[in-house]
Amino acid sequence: MNYQSHADIEAALIKILECLLCKNEIAKDVDLFTLGADELTLYRLLNKLHQQFPTLQLSWHDLHTNRTLASLINFIHSSKSLSRVSTERAIKEQFSTAESDARLKFMQKYVQKEYGRLPDNSNQNITQEASRHQPFMNLAWALKRDFNFPLYLQELQTFMTTTEIAAYICVELELHLGLRPRMTSTSIKINQTEILKRAVHTPAKTENKVNNVVFILSAPRSGSTLLRLMLAGHFQLFCPPELNLLHHDQLSDWLINRLKRFPRSTHVIQNLMAIMGFTPSEVNYFLDHPEKATIPIADVYAQIEKSTQKTIIVDKTPSYTKHLFTLQQTEALFDQAQYIHLVRHPYAVIDSFVRHRFHKLINTDQNDPYLSAEYVWTQRNQNVLTFKEQTESKRYYLLHYEHLVAQPRETMAGICRFLQISFSENLLNPYEICHHISGPGDYDILQHDTIEPLLGKKWENIKLPYPLQPETIALANILKYQLPYH
Ligand code: A3P
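Residues numbered from 1 in each chain as written. Predicted model: local features only at pLDDT ≥ 70, side-chain atom pairs only at ≥ 80, totals over all residues. Heavy atoms only, no water.

**Side note on the site of the ligand**
Filter applied, for reference: Nearness is judged by heavy atoms alone; a residue qualifies as near a molecule or strand once a single heavy atom is within 4 Å of it. Think of a polar contact as two N or O atoms within 3.5 Å of one another; within protein, one of them needs to be a possible hydrogen donor and the other a possible acceptor, and neighboring residues in sequence only count if both atoms come from side chains. Note on areas: Shrake-Rupley, 1.4 Å probe, and residue coverage restricted to the protein chains presented here. In this text, helices come from DSSP runs of H or I with a minimum length of four residues, and strands from runs of E with a minimum of two, each type numbered from the N-terminal end. Nonpolar residues are Ala, Val, Leu, Ile, Met, Phe, Trp, Tyr, Cys and Pro. Charged residues are Asp, Glu, Lys and Arg, and all others, Gly as well, are polar.
In the neighbourhood of the ligand, 21 residues make up the surrounding shell, with S224, T225, S352, Y401 and T450 lying closest. For the ligand, an oxygen atom lies 2.7 Å from a polar atom in the side chain of S224. Contact between the ligand and K458: an oxygen atom at 2.9 Å from a side-chain N or O atom of the residue. With the chains in place, 95% of the 570 Å² that the ligand exposes on its own is no longer accessible. At the level of elements, α10 (224-231), α16 (346-355) and α18 (401-406) are the ones that each hand at least two residues to the shell around the ligand. With 3 residues, the top contributor of residues to the shell around the ligand is α10. For the shell around the ligand, the residue count by class is 7 nonpolar, 8 polar and 6 charged.

**Points about helix α2 (residues 39-52)**
Stated formally: Take the residue count of a helix, subtract one, and multiply by 1.5 Å to get its expected span. Burial classification: accessible surface area is computed with a 1.4 Å probe over protein chains only, and a residue below 20% of its type maximum counts as buried, one above 50% as exposed, and the rest as partly exposed.
Helix length check: α2 (14 residues) gives 20 Å between terminal C-alpha atoms against 20 Å at 1.5 Å per residue, within 8%. Among the 14 residues of α2, 12 are classified as buried, and the element is accordingly described as predominantly covered. All of the buried residues in α2 are E39, L40, T41, L42, Y43, R44, L45, L46, N47, K48, L49 and H50. For α2, the N-terminal cap is D38; the gap from its side-chain oxygen to the backbone nitrogen of L40 is 3.2 Å.

**With respect to the environment of V210**
As a reminder, the rule being used: We call two residues in contact when some of their heavy atoms are within 4.5 Å.
Along the chain, the position of V210 falls in the loop between α9 (192-195) and β1 (213-218). Classification of V210 as buried rests on a relative accessible area of 1%. Considered as a pair, V210 and L333 are 123 residues apart in the sequence and their alpha carbons are 7.6 Å apart. Leaving out residues up to four positions away in the same chain, V210 has contacts with A298, Y301, A302, E305, I313, L333, F334 and D335.

**Considerations on the sheet that holds strand β5 (residues 396-400)**
Selection rule: For two strands to count as paired, DSSP must find a minimum of two bridges between them.
Here 5 strands make up an open sheet; going across it, the order is β2-β3-β1-β4-β5 and the pairing parallel. Whereas interior strands pair on both sides, the edge strands pair on one side only; in this sheet they are β2 (237-238) and β5. For β1 and strand β3 (residues 312-316), the ladder comprises 4 bridges, and the chain directions are parallel. The residue of β3 that forms the bridge with F215 is D315.

**Let's talk about the side chain of H248**
Tracing the chain through its elements places H248 in the loop between β2 and α11 (251-261). A relative accessible area of 12% means that H248 is categorised as buried. Beyond its immediate chain neighbours, meaning those up to four positions away, H248 contacts D253, W254, N257 and I297.

**A short note on the packing of aromatic side chains**
Put simply, the rule is: Between the rings of Phe, Tyr and Trp (Trp by its six-membered ring), a pair exists once the centres lie within 6.5 Å; its type follows the angle of the planes, with under 30 degrees stacked, over 60 edge-to-face, and the other angles tilted. Ring-over charges, as used throughout, are those where CZ of Arg or NZ of Lys falls within 6 Å of the ring centre and within 35 degrees of the ring normal.
Applying the stated criterion to the full structure yields 17 aromatic pairs. Centroid distance F106 to Y110: 6.3 Å. Interplanar angle 15 degrees. Geometry classified as stacked. With a gap of 4 residues between them, F106 and Y110 both fall in helix α6 (residues 100-115), about one helical turn apart. Take F106: its relative accessible area is 19%, and that puts it in the buried class. Through pairs of rings, three or more aromatic residues link up here, namely F215, Y301, Y320, F334, Y339 and F387. Across from the ring centre of F95, 5.9 Å away, lies the NZ or CZ of R103, which sits over that ring.

**Description of the pattern of salt bridges**
Pairs can form between side chains of opposite charge once their charged atoms are near each other. For clarity, the threshold we go by: Should a side-chain nitrogen of Lys or Arg be within 4 Å of a carboxyl oxygen of Asp or Glu, the pair is scored as a salt bridge.
This structure, assessed with the given rule, holds 17 salt bridges. Of the charged contacts in the structure, one is a salt bridge between R357 and E155, with a shortest N-O distance of 2.7 Å. Taken together, the positions of R357 in the loop between α16 and α17 (369-389) and E155 in the loop between α7 (129-147) and α8 (162-176) put the pair 202 residues apart, joining distant regions of the chain. A network of salt bridges, in which partner residues are shared, links K113, E114, R145 and D146.

**A short note on the environment of V343**
With respect to the element layout, V343 can be found in strand β4 (residues 338-343). When sequence neighbours within four positions are dropped, the list of residues in contact with V343 reads N381, L398, L399, H400, Y401, E402, L479 and Y481.

**Side note on the confidence of the model for the protein**
Put simply, the rule is: Summary of the metric used: pLDDT quantifies the predictor's per-residue confidence within the range 0 to 100.
The predicted model of the protein has a mean per-residue pLDDT of 85, with 85% of residues at 70 or higher. Below a pLDDT of 50 lies the segment residues 119-123, which in the model reaches 3 contacts outside its immediate sequence neighbourhood of four places, other chains included. Taken together, the stretch residues 192-201 has pLDDT below 50 and engages in 25 contacts with residues farther than four places along the chain or on a different chain.

**Focus on α8**
Taking 1.5 Å of rise per residue, 15 residues should cover 21 Å, and α8 covers 20 Å from first to last C-alpha, within 8% of that figure. Every buried residue belonging to α8 is among T162, I165, A166, Y168, I169, C170, E172, L173, E174 and L175, and all of these are buried. Phi turns positive, to about 75 degrees, at G178, one or two residues after α8.

**Some details on unusual backbone geometry**
Of note, the phi angle at R221 is positive, near 65 degrees, even though the residue is not glycine. For R221, the position within the fold is in the loop between β1 and α10. Among the residues examined, R221 registers a relative accessible area of 17% and is labelled buried. Notably, K480 is not glycine yet its phi reads approximately 65 degrees, a positive angle.

**Some remarks on the pairing of β3**
In terms of residue burial, β3 counts as a mostly covered element, since 5 of its 5 residues are buried. The two faces of β3 match: I312, V314 and K316 on one face and I313 and D315 on the other face are all buried. As paired elements, β2 and β3 share 2 bridges and run parallel to each other. Across the sheet, F238 pairs through a bridge with I313, a residue of β3.

**Overview of the nonpolar core**
This is how it is decided: Remark: nonpolar core denotes a set of buried residues (Ala, Val, Leu, Ile, Met, Phe, Trp, Tyr, Cys) joined through side-chain atoms within 4.5 Å.
In terms of nonpolar packing, the biggest core is built from 64 residues, with F215, L245, M276 and Y301 touching the most fellow members. No other element matches the 7 residues that α17 contributes to this core. Membership of the second largest hydrophobic core comes to 53 residues, among which are L63, L69, M137 and C170.

Laid out in structure tokens, this is it:
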């Protein structure tokens, strides 16, 4: 890539933004946040631009301070934002080949550059949300760009100084890049009482039952975002980004929880509330007074059903599979809900989970990332199978990710028969039609442009460091997965 490619970058920038913001044309002088972007949108934009132009040197800060399309284009044209080498290769190599002490010094400088220059004896409490969010996003994007290292906000919550942050990241990065051996432990504690737990609370009753709801149930990293985007092509299916509603009794709990977890992503929350049928003034009122949104969750689904033109709501929220009682809620809240159980080979899910450092996001009792991943695969899929035993089998559909990507047409035709809807070619074009690509879900979803069948064979080349536990092997057998190393 050379300096003549600014025009290519400009064209790519416009195309990605149109896709992320679901617009045919982006107004040049309007703040992207006003157009519906949020911080996740900017992250996905940087991620995609970096994939297409690896020598592009854009920081999070650059994007955040040039928040209209016009100023972004100007910035790219005016700055020396293109270098001749990929920063990922250069910086990663410097870090990896340095001695251990030098690595720490390297990381201290790196964190100071990307996070900011807080003096170590500063009274400023960098754990305060307002002061740490922007520097965090800048650092998180730099680590992804330079090391392909995902960092999560909650990881830095307890650190008070940049020195502490640098020391923490240095160790985590060494582990991630295989420069430091992991403390090995070869056994996993699958907590049977959690897996087999029966309902622990009585689901809220409702008179307002919604009929046409489909839940996509899966362990994380099973291809659920792709499935959602494929289904969204069908004119009868309404497939919003992850709703996460079932964890709460009332909209107020959901709203307070969302605002706490994603303090700067109010646009996503606004979009979701618009999906629920609230007027802009109601949305603003509830954002200011979340505790006033005392609307039962079942009524929220009823409002979604009323406000969408489509006939079936598809709720894809992987966290519903964490507890059996959350799954059981659905039977009390909905009439004849349907369930698509999306499964993926355990080797592939475990590998993806570890690469994305999901053990830092999802709390399990396992302190090893591989064991944590295995635990999550086994626990989540077992919960769905246990739940299946308690529901009518005609409302349950088992879908293998590997079939979905290898034979999308046949697989989608099968899903259409299950849902009793007609087949549509649009189900096969997840990237061609605008369907809320932004919002919670796979951060890397835009890194693909087509359905990639080879990803369904990825497990064949994965060798895990430990043998799988008997519970996992038994479950893999039930789900008809071959385990060549077991
Ligand atoms: P990898 O990390 O192994 O690549 P989820 O959306 O449930 O978090 O699942 C993420 C997985 O879906 C990713 O796994 C990714 O490869 C896969 N995926 C996303 N888009 C895809 C596409 N277009 N074709 C095939 N697989 C895709």
